[in-house]
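Read off the chains here:
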Amino acid sequence: MEDDPYDLHPSEQERGDWLPPITDALDDVLDAEMLVCVRAAEKLQRIDWYRRDAIARAAPRGIGRDLAERSARLELACGLRIGEQTARMLMARAEALIHRYPAAFQALSGARITPKHADLLTLMLDEVPDPGLRERLVDPAVRLAEQEPVGTFTRKLKKLIEKEQAPTLTERHRVAMAHRHVWVEDAVDGMAWTHLYGPAVDAHAAYDRATAIGKSIRKAEAKAGVAGPRSLDQLRADVYGDLLVTGVVKAHPRAAQRIRAQVVVTVPALSLLSDEHATAPGAEAAVVEGVGPIPIETARELAADGKEWMRVLTHPETGMVLSVGRDRYKVPKSMRRIIAWRASRCLTPGCGMPAHRCEIDHRVEWHEGGETSIINTNPLCKGHHIIKTLTDWRIDQTDGGGVRWTSPTGRTYTVEPERKLPAFTIPPPEDPPPF
Ligand SMILES: [Zn+2]
């Protein structure tokens, strides 16, 4: 290429070592990334200040650290418009990095490691139960994070931790076993994930069994000439579902063996009748409480069989119990159903706990004269019921039938119930006929 006489950029040679190095487009990206790291550290620092401030403010009011943190977590989630679980993780990560792994926090503040490295470092070191070992691992972990890309960093740190911990595997497995649990994560298109955190041996045994059952079903279906055979992946998923929803384990107590899944499904009355109604523009979908819309064929099947399903038609049925006033504190079963049907979920900002697994909260407390009525009761999950009752969060009813939460810092967040209650009004008497 010929020399461009108008090129004012000095060559590498001309620059010598007295001009700053040439930057290019990638340098701009790296610059921006550096700022992201610095700001990420600053955000964590501020979150930690907020957490400690909330604890300090709550203490003189007799609210303990744990409750104050849960209350602060709810407000952080509301403010950032993220899930409470994410808010909890943010707060925990900030606390860990700043107070347990300050060397990693310094590295993030100086943009020597990325927020992803910092996350993984915290997660992995937090799982080391021996505090002494954890402390010894911090410096090598930070050095790895400064040198390696995320994937390599994770592998090398995992290896390092495993090597140091090899002699204590039995004890660690015992501790880890205490954390076994199951959770459901909603996905789109009427689907959801089931996660089970448990012993690796059981997890693989279950998978292998489902595979074997799936293969045997596939063979039987092929023999019988069933059209549209299911793939092994599909069969395995169906077997898992069948076993969990309807399987019975003889070793369980008799009472437990009789327990069946209960799902509340709301079906628009018209859609049940015909496809024409179900697919008409503006037609309402069938809805499973706490889950979301489901295909109308599934809803029809559910509505047609099984006492495991409570059916609520979106046409209000007459004779529903709306209030029992001050006659009784305990919410009658028929009213519980209406309360759950109206809200669908825990009526706390961002909470997804299905209403049938919630407690019924008296908004105006019973001992303060609150009634057992539809408008004075809301489903709240156990954790949020405790926060509402024992911390400085307050709730009241909005004109539109929603629930307004006021946080300890005075901010408000409104949650609308899933459905409006039908209003029952008595028409005014007609004017008397003129003489
Ligand atoms: Zn809740």
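All figures in this text were calculated on a predicted structure; none of them were measured in a lab. (Residues numbered from 1 in each chain as written. Predicted model: local features only at pLDDT ≥ 70, side-chain atom pairs only at ≥ 80, totals over all residues. Heavy atoms only, no water.)

Points about the overall build of the protein
Next up, step 1: Helices and strands together make up the secondary structure of the protein, namely 17 helices and eleven strands.
Next up, step 2: A total of 435 residues make up the protein; the buried ones form 32% of that total.
Next up, step 3: Sequence separation of at least 24 residues holds for 56% of the intrachain contacts in the protein that already meet a minimum separation of 6. (Helix = DSSP H or I, 4+ residues; strand = E, 2+ residues; numbered from the N terminus. Buried < 20%, exposed > 50% of the residue type's maximum accessible area, 1.4 Å probe, protein only. Contact = heavy atoms within 4.5 Å.)

Quick look at helix α7 (residues 131-147)
Next up, step 1: With 17 residues, α7 should reach 24 Å at 1.5 Å per residue; the first-to-last C-alpha distance of 25 Å fits that figure.
Next up, step 2: The sharpest bend along α7 reaches about 35° and sits at V138, with the proline P140 one to four residues further on.
Next up, step 3: Residues of α7 that are buried include every one of L133, R134, L137, V138, A141, V142, L144 and A145, and no others.
Next up, step 4: The inward-facing, buried residues of α7 contact α4 (84-100), α5 (102-109), α6 (115-126) and α8 (150-165).
Next up, step 5: By the N-cap criterion, in which a side-chain oxygen at the helix start approaches the backbone nitrogen of a residue two or three places on, α7 is capped by D130, the distance to G132 being 3.0 Å. (Expected span 1.5 Å × (residues − 1). Bend = angle between axes of the 7 residues up to and from the residue. Polar contact = N/O pair within 3.5 Å; in protein donor to acceptor, adjacent residues only side chain to side chain.)

A look at the packing of helix α2 (residues 25-58) against helix α3 (residues 65-80)
Next up, step 1: Remark: α2 packs on α3, axes separated minimally by 9 Å, with the N-to-C direction vectors making an angle of 130°. As summarised for this structure, α2 and α3 are arranged oblique, according to the angle between their axes. Along this stretch, α2 crosses α3, giving a crossing that reads as right-handed. Residue-level inspection shows I47, Y50, R51, A54, I55 and A58 of α2 in contact with α3, the latter providing R65, A68, E69, A72, E75 and L76.
Next up, step 2: Residue classes in the contact of α2 with α3 are distributed as eight nonpolar, no polar and four charged. (Axes fitted to C-alpha atoms, helices over the stretch in contact; angles between N-to-C directions. Parallel < 35°, antiparallel > 145°, perpendicular 65-115°, else oblique. Left-handed = near helix turned anticlockwise from the far one by under 90°. Nonpolar A, V, L, I, M, F, W, Y, C, P; charged D, E, K, R; others polar.)

Here's the deal with the packing of aromatic side chains
Next up, step 1: Summed over all chains, the structure comprises two aromatic pairs.
Next up, step 2: Between W393 and W405, the ring centres sit 5.8 Å apart and the planes meet at 70°, which makes this aromatic pair edge-to-face. One end of the pair, W393, is in the loop between α17 (382-390) and β9 (394-397); the other, W405, is in strand β10 (residues 403-406), and twelve residues separate them in sequence.
Next up, step 3: What makes W393 buried here is its relative accessible area of 0%.
Next up, step 4: Among the aromatic residues, those joined into a ring-pair cluster are W393, W405 and Y413. (Phe/Tyr/Trp six-rings, centres within 6.5 Å; stacked < 30°, edge-to-face > 60°.)

Side note on the coordination of the zinc ion
Next up, step 1: Looking at the metal site, the zinc ion is ligated by C346 (SG), C351 (SG), C381 (SG) and H384 (ND1), spaced 2.0 to 2.4 Å from it.
Next up, step 2: The coordination sphere of the zinc ion comprises four donor atoms, whose angles at the metal cover 93 to 120°; the geometry is tetrahedral.
Next up, step 3: Here the donor residues of the zinc ion are spaced in sequence according to C-x4-C-x29-C-x2-H. With a gap of 35 residues between them, C346 in the loop between α16 (333-343) and β7 (359-362) and C381 in the loop between β8 (377-380) and α17 connect regions that are remote in the sequence. Neither residue differs from the other here; C346 and C381 are each classed as buried. (Donors = N, O, S within 2.8 Å, 3.2 Å for Na, K, Ca; no water. Tetrahedral: all angles 85-135°; square planar, octahedral: opposite > 155°, others 65-115°.)

A look at the packing of α2 against α5
Next up, step 1: Relative to each other, α2 and α5 sit at 135°, their axes nearing to 7 Å. Relative to α5, the element α2 lies oblique. Residues C37, V38, A40, A41, L44 and Q45 of α2 touch α5, and the partners they reach there are F105, L108 and S109.
Next up, step 2: Residues belonging to the contact of α2 with α5 are distributed by class as follows: seven nonpolar, two polar and no charged.

Some points on the side chain of T122
Next up, step 1: As for its placement among the helices and strands, T122 is situated in helix α6.
Next up, step 2: Among the residues examined, T122 registers a relative accessible area of 3% and is labelled buried.
Next up, step 3: A distance of 2.6 Å separates a polar atom in the side chain of T122 from the backbone oxygen of A118.
Next up, step 4: Those residues in contact with T122 that sit more than four places away from it in its chain are R93, A96, L97 and Y101.

Focus on the sheet that holds β9
Next up, step 1: As summarised here, the arrangement of the three strands in space is β9-β10-β11, forming an open sheet in which the pairing is antiparallel. Each of the sheet's edge strands pairs with one partner strand only, and the pair in question is β9 and β11 (412-415). Within this sheet the neighbouring strands show an average axis-to-axis angle of 25°, counted without direction.
Next up, step 2: Here four bridges tie β10 to β11, and the two strands are oriented antiparallel to one another. Among the inter-strand pairings, W405 is bridged to a residue of β11, identified as Y413. (Pairing = 2+ DSSP bridges.)

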